[in-house]
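# Architecture and fold: a report
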Amino acid sequence: MMTPEQRYLFDITGYLHIEGAVTGEALKKAQKAAERYIYCHPDERPPGFKPRGDDLPVEDLGNRPLIRYQHGFAFDKSLESLTMHPAIWPLLKELTADMPRFVSGTLSYEQHNPDRQPIEKNPAGLHCAREGRYWYTRYQVKDGRIFCNDLVFFFYLTDVNPGDGGLIVIPGSHKSAFERPDELLIPNADGIDPEPDPVFTNLTPKAGDFLCISELLTHGVLQWKPEDRSRQFLILRYRPQYEGKVSLPQEIINRLSPETQELVASASYGHIKDIINQDPVTLTA
Ligand SMILES: O=C(O)CCC(=O)C(=O)O
Ligand SMILES: [Fe+2]
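Reference entry: report on the structure contained in this document. What you see as residue numbers is a count from 1 along each chain, following the sequence as written. Following the order in which they are written, the chains are lettered starting with A and the ligands numbered starting with 1. Given that this is a predicted model, residues contribute local features only at a pLDDT of at least 70 and side-chain atom pairs are listed and counted only at 80 or more, while totals for whole chains, interfaces and linings are drawn from all residues. Remark: hydrogens and water are excluded; side-chain values derive from all non-hydrogen atoms of the structure.

### So, the site of ligand 1
To keep things clear, this is the line we draw: One heavy atom within 4 Å of a molecule or strand is enough for the residue carrying it to be called near that molecule or strand. Definition of a polar contact: a pair of N or O atoms within 3.5 Å, with one able to donate and the other able to accept a hydrogen when the atoms are protein atoms, and with sequence-neighbouring residues admitted only if both atoms are side-chain atoms. To measure how exposed things are, a 1.4 Å probe is used in the Shrake-Rupley method; for residues, cover is taken only from the protein chains shown. Only DSSP runs of H or I with at least four residues qualify as helices, and only runs of E with at least two residues qualify as strands; both kinds are numbered from the N terminus onward. As a working rule, the residues Ala, Val, Leu, Ile, Met, Phe, Trp, Tyr, Cys and Pro are called nonpolar, Asp, Glu, Lys and Arg charged, and the rest polar, with Gly in that last group.
Taken together, R68, H127, Y156, L167, H219, V221, R231, F233, I235 and R237 make up the full set of residues adjacent to ligand 1. In the environment of ligand 1, an oxygen atom lies 3.3 Å from a nitrogen or oxygen atom belonging to the side chain of H127. A distance of 3.1 Å is found between an oxygen atom of ligand 1 and a side-chain nitrogen or oxygen belonging to H219. Summarising the interface, the protein chains cover 88% of the accessible area of ligand 1, which totals 290 Å² for the free molecule. At four residues, strand β11 (residues 231–240) tops the list of elements feeding residues into the shell around ligand 1. Split by residue class, the shell around ligand 1 holds five nonpolar, two polar and three charged.

### Topic: the pattern of salt bridges
To keep it simple, the criterion reads: The salt bridge definition used is simple: a Lys or Arg side-chain nitrogen within 4 Å of an Asp or Glu carboxyl oxygen. A simple rule labels every residue: compare its accessible area, found with a 1.4 Å probe on the protein chains alone, to the largest value its type can have, and call it buried under 20%, exposed over 50%, or partly exposed in between.
What the rule picks out here adds up to 15 salt bridges. A salt bridge links D98 to R145; the shortest N-O distance between them is 3.7 Å. Taken together, the residues D98 in the loop between α4 (89–95) and β3 (100–110) and R145 in strand β5 (residues 145–148) connect sequence positions 47 residues apart. Among the residues examined, D98 registers a relative accessible area of 22% and is labelled partly exposed. Taking relative accessible area as the criterion, R145 reaches 22% and is therefore assigned partly exposed.

### Considerations on the coordination of the iron ion (ligand 2)
What counts here: Counted as coordinating are nitrogen, oxygen and sulfur atoms within 2.8 Å of the metal, or 3.2 Å for Na, K and Ca, while water is not included, which may make sites look incomplete.
The coordination sphere of the iron ion (ligand 2) contains the protein donors H127 (NE2) and H219 (NE2), at a distance range of 2.1 Å. For H219, a relative accessible area of 5% gives the class buried.

### Describing the sheet that holds strand β10 (residues 219–222)
Defined as follows: A pair of strands is labelled paired if DSSP reports no fewer than 2 bridges between them.
Here three strands make up an open sheet; going across it, the order is β8-β7-β10 and the pairing antiparallel. The two strands at the open ends of the sheet, each matched to only one other strand, are β8 (201–202) and β10. Pairing analysis gives four bridges linking strand β7 (residues 166–169) to β10, with the strands arranged antiparallel. Bridging across to β10, L167 finds its partner in V221.

### Focus: unusual backbone geometry
Omega for the peptide link from D279 to P280 comes to 5°, which places this bond in the cis form. Secondary-structure assignment places P280 in the segment after α6 (258–264). Even without being a glycine, H71 presents a positive backbone phi close to 60°. Mapped onto the elements, H71 comes out in the loop between β2 (66–69) and α3 (77–80). Note on H71: relative accessible area 14%, which makes it buried. Residue D143 is not a glycine yet carries a positive backbone phi of 50°. With respect to the secondary-structure elements, D143 resides in the loop between β4 (139–142) and β5. According to the relative accessible area criterion, D143 is exposed, its value standing at 68%.

### Digging into a nonpolar patch on the surface
Put simply, the rule reads: Patch criteria: residues need more than 30% relative accessible area and no salt bridge. Like-charged residues are merged within 9 Å; nonpolar side chains of Val, Leu, Ile, Met, Phe, Trp and Tyr are merged within 5 Å.
On the surface, a nonpolar cluster with roughly 290 Å² of combined accessible area is contributed by Y8, L9 and I12. Position of L9 among the secondary structure elements: in helix α1 (residues 4–13).

### Some points on the sheet that holds β3
Paired through backbone hydrogen bonds, the strands of a sheet run either parallel or antiparallel to each other. As a reminder, the rule being used: All axes are obtained by fitting lines to C-alpha atoms, using only the stretch in contact for helices, and the reported angles, taken between N-to-C directions, cover 0 to 180 degrees.
The strand order across the open sheet formed by six strands is β1-β9-β6-β11-β3-β2, and the pairing between neighbours is antiparallel. For this open sheet the edge positions go to β1 (15–18) and β2, each flanked by a neighbour on one side alone. Taking each pair of neighbouring strands and ignoring which way they run, the sheet shows an average axis angle of 20°. Pairing geometry for strand β6 (residues 151–156) and strand β9 (residues 210–214), over five bridges, is antiparallel.

### A short note on the pairing of β4
Relative to β5, β4 runs antiparallel, the two sharing four bridges. Counterpart to Y139 in the pairing with β5 is C148. What sits between β4 and β5 in their antiparallel hairpin is a turn of two residues, with D143 showing a positive phi close to 50°.

Below, the structure is given as structure tokens:
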């Protein structure tokens with residue numbers, strides 16, 4: 001279950017910022033594991049691990065401003081255990097009515113991109129589940145509990161400071177009944193970021209923090225400004241266990257601990273996974 005404060009804040013804003021969930025040695029281990037994947041020579045990556053768009057020539061890898069390292073959560077146990085971390089496990093259980101399925105866990109790596117092109121419309125690329133084919137995505141409250149069928153938990157491995165850029169959200173937009181007007185935000189002089197506007201909030205998590213959003217929350221990304229630091233985070237996606245199909249490759253699933261294998265599995269409505277009765281969940285093997 002969520003705390004009353006978490007429930008209240010998530011309900012009115014559509015997001016939660018959970019500070020200091022992972023600290024000390026555990027955080028260092030996760031950061032090192034992420035770097036091992038990011039800086040691994042392409043020929044030495046374990047089977048199943050590669051950045052999206054890996055069909056580009058090797059010389060180009062590592063130079064792209066934003067790279068999605070697929071299945072990053074499964075690269076190391078220090079990352080895999082984040083999928084059911086005690087700081088998010090009670091939330092995940094409440095938000096999926098105790099029927100969670102872990103969909104994917106991508107490691108994202110973003111560097112400053114001096115070549116970023118101006119965007120004429122929709123600077124920061126605002127989007128949410130309501131726009132397009134996932135218009136039926138749900139956010140509901142029943143019996144004093146919140147239910148969502150499309151959840152994203154971002155786990156930050158590096159710091160974001162005010163002024164750095166990164167994720168922006170429109171608080172409360174998870175309940176919007178109207179389409180977002182195309183010209184909601186106005187491009188700034190560079191034409192890259194929007195002009196500052198009180199309608200959006202730039203979230204600035206530190207390494208070890210989780211951000212939790214309903215995919216119904218309208219969100220986007222400001223240009224990453226620091227030239228000497230990257231933005232590294234895991235994108236952990238969840239849905240109810242009885243919706244959608246498992247899309248993780250079998251070679252990735254085979255690496256996971258039994259508890260995580262149960263979390264990624266589909267199951268019928270009403271089935272309660274063993275891990276639901278564990279708090280905290282400890283990964284065996
Ligand atoms: O880069 C980010 O912080 C947000 C990523 C995002 O919105 C997405 O993966 O859908
Ligand atoms: Fe998104």
